[in-house]
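# Structural overview for review
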2 protein chains.
Amino acid sequence: MVILKDSTQMANKTSQGRKRIQIKKIENLSHRKVAFSKRRVGVFKKASELCLLIGAKIGIIVHSVGKCVFAWGHPTADSVVDRFLSGGVDAGRTRENYPVTRTLAGL
Amino acid sequence: MVILKDSTQMANKTSQGRKRIQIKKIENLSHRKVAFSKRRVGVFKKASELCLLIGAKIGIIVHSVGKCVFAWGHPTADSVVDRFLSGGVDAGRTRENYPVTRTLAGL
DNA sequence: TGCTATATATAACT
DNA sequence: AGTTATATATAGCA
């Protein structure tokens, strides 16, 4: 297939859009924060799709370097990760189908 | 931006490549199996990247409908999911950096 | 946070 | 399992 891009518009652009990056720790803090937010959503979304397409159950624990713990799961974060959180931390419930992210205190 | 696709080549193709799909359970078993395999790898890869880029710790439990349980984690599946598997199932260790998928018996 | 150009993931075929 | 055409995810900016 041949793809032609309008050269007049391409020309005067310092290069917008996504660039390739190395998969190694992002040193710049603010960059890292942004990437974390975006990619966390991305992973959860992918997991969500996997659940719905296959009918599997998934639990994900993202243990950020700070102290926040994001948990996601289907049907609920608990049902899959329950025993994981048996320490006594309130796990909360995520909604069915498109579960929401929960921020858990402590841990 | 303007994108022009060569019509002569586009024409005689019954339509290869990826099609858009609905995010709902795939009824066809074999299709579902292959989608499961591919997407499971995809999710784990995304998670892996998130770990490396941000330096976070992640644990994922994929509870397929059958009886297989796939676990993935960084630094190790255990370190994050340890208590989750406290039931006595051998969790095994995943390798550093690019952890491998482990199939756990039971559960 | 929202936008845009691209890098990636992946559905349909082989 | 490997290929190809596209749908998606997202890096760099505003």
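Look above for the structure.
From a predicted model like this one, the values you see are computed outputs, not experimental measurements.

A separate point is the overall build of chain A. Tallying secondary structure elements over chain A gives three helices and four strands in all. Secondary structure elements of chain A occur, N-terminal to C-terminal, as β-α-α-β-β-α-β. Counting every position in chain A, which comprises 107 residues, the buried fraction comes to 37%. A separation of at least 24 residues holds for 33% of the contacts in chain A among residues at least 6 apart in sequence.

Looking now at the nonpolar core. Residues Ile58(A), Ile60(A), Val62(A), Ile58(B), Ile60(B) and Val62(B) are the most contacted members of the largest nonpolar core, which totals 32 residues. Contributing elements (two or more residues each) for this core: α2 (29-54), β2 (57-63) and β3 (69-74) of chain A together with α2 (29-54), β2 (57-63) and β3 (69-74) of chain B.

Among the secondary structure elements, Ile23(B) is positioned in the loop between α1 (7-11) and α2. Under the relative-accessibility criterion, Ile23(B) is labelled partly exposed at 34%.

Let's shift gears to the packing of α2(A) against α2(B). One way to put it is that α2(A) packs onto α2(B) with a least axis distance of 10 Å and a crossing angle of 165 degrees. With respect to their mutual orientation, α2(A) and α2(B) come out roughly antiparallel. Considering how the two elements wind past one another, α2(A) and α2(B) form a crossing that is left-handed. Counting all contacts with α2(A), which are made through Arg32(A), Ala35(A), Phe36(A), Arg39(A), Arg40(A), Val43(A), Lys46(A), Ala47(A), Glu49(A), Leu50(A), Leu53(A) and Ile54(A), the residues of α2(B) involved are Arg32(B), Ala35(B), Phe36(B), Arg39(B), Arg40(B), Val43(B), Lys46(B), Ala47(B), Glu49(B), Leu50(B), Leu53(B) and Ile54(B). Taken together, the residues that form the contact of α2(A) with α2(B) break down as 14 nonpolar, no polar and ten charged.

Each aromatic ring pair is characterised by the separation of its centres together with the angle its planes make. Counted by the stated rule, this structure contains four aromatic pairs over all chains. On the numbers, 5.9 Å between centres and 65 degrees between planes, the contact of Phe36(A) with Phe70(A) is edge-to-face. Residue Phe36(A) is located in helix α2, and its partner Phe70(A) is located in strand β3; the two are separated by 34 residues in the primary sequence. Taking the relative accessible area as the measure of exposure, Phe70(A) reaches 11% and is therefore buried. Taking the ring centre of Phe36(B) as reference, the NZ or CZ of Arg40(B) above it sits at 4.9 Å. Arg40(B) extends its terminal NZ or CZ atom over the ring of Phe70(B), reaching a point 3.8 Å from the ring centre.

Turning our eyes to something else, we now look at the protein's contact with DNA strand D. Lining the immediate environment of DNA strand D, one finds 19 residues, of which Arg18(A), Lys19(A), Lys38(A), Arg39(A) and Gly17(B) sit closest. Here DNA strand D approaches the protein such that, of its atoms within 4 Å, sugar and phosphate make up 72%. Between DNA strand D and Arg18(A), the relevant distance is 3.0 Å, taken from a sugar or linking oxygen to a side-chain nitrogen or oxygen of the residue. Within the side chain of Lys38(A), one N or O atom sits 2.8 Å away from a base oxygen of DNA strand D. Here the surface near DNA strand D takes six residues from α2(A), the largest share from any one element.

What follows is about the protein's contact with DNA strand C. Around DNA strand C lies a shell of 20 residues, among which Arg18(A), Arg18(B), Lys19(B), Lys38(B) and Arg39(B) are the nearest. Those atoms of DNA strand C that come within 4 Å of the protein belong to sugar or phosphate at a rate of 74%. A distance of 3.4 Å separates a sugar or linking oxygen of DNA strand C from a polar side-chain atom of Lys19(B). Note that a phosphate oxygen of DNA strand C is positioned 2.5 Å from one of the side-chain N or O atoms of Arg39(B). Of all elements in the fold, only α2 of chain A together with α2 of chain B reach the threshold of two or more residues within the surface near DNA strand C. Residues of the surface near DNA strand C, tallied by class, amount to two nonpolar, five polar and 13 charged.

What counts and how
- Residues numbered from 1 in each chain as written.
- Chains lettered and ligands numbered in written order.
- Predicted model: local features only at pLDDT ≥ 70, side-chain atom pairs only at ≥ 80, totals over all residues.
- Heavy atoms only, no water.
- Helix = DSSP H or I, 4+ residues; strand = E, 2+ residues; numbered from the N terminus.
- Buried < 20%, exposed > 50% of the residue type's maximum accessible area, 1.4 Å probe, protein only.
- Contact = heavy atoms within 4.5 Å.
- Core = buried A, V, L, I, M, F, W, Y, C linked by side-chain atoms within 4.5 Å.
- Axes fitted to C-alpha atoms, helices over the stretch in contact; angles between N-to-C directions.
- Parallel < 35°, antiparallel > 145°, perpendicular 65-115°, else oblique.
- Left-handed = near helix turned anticlockwise from the far one by under 90°.
- Nonpolar A, V, L, I, M, F, W, Y, C, P; charged D, E, K, R; others polar.
- Phe/Tyr/Trp six-rings, centres within 6.5 Å; stacked < 30°, edge-to-face > 60°.
- Lys NZ or Arg CZ within 6 Å of the ring centre and 35° of its normal.
- Near = heavy atom within 4 Å.
- Polar contact = N/O pair within 3.5 Å; in protein donor to acceptor, adjacent residues only side chain to side chain.

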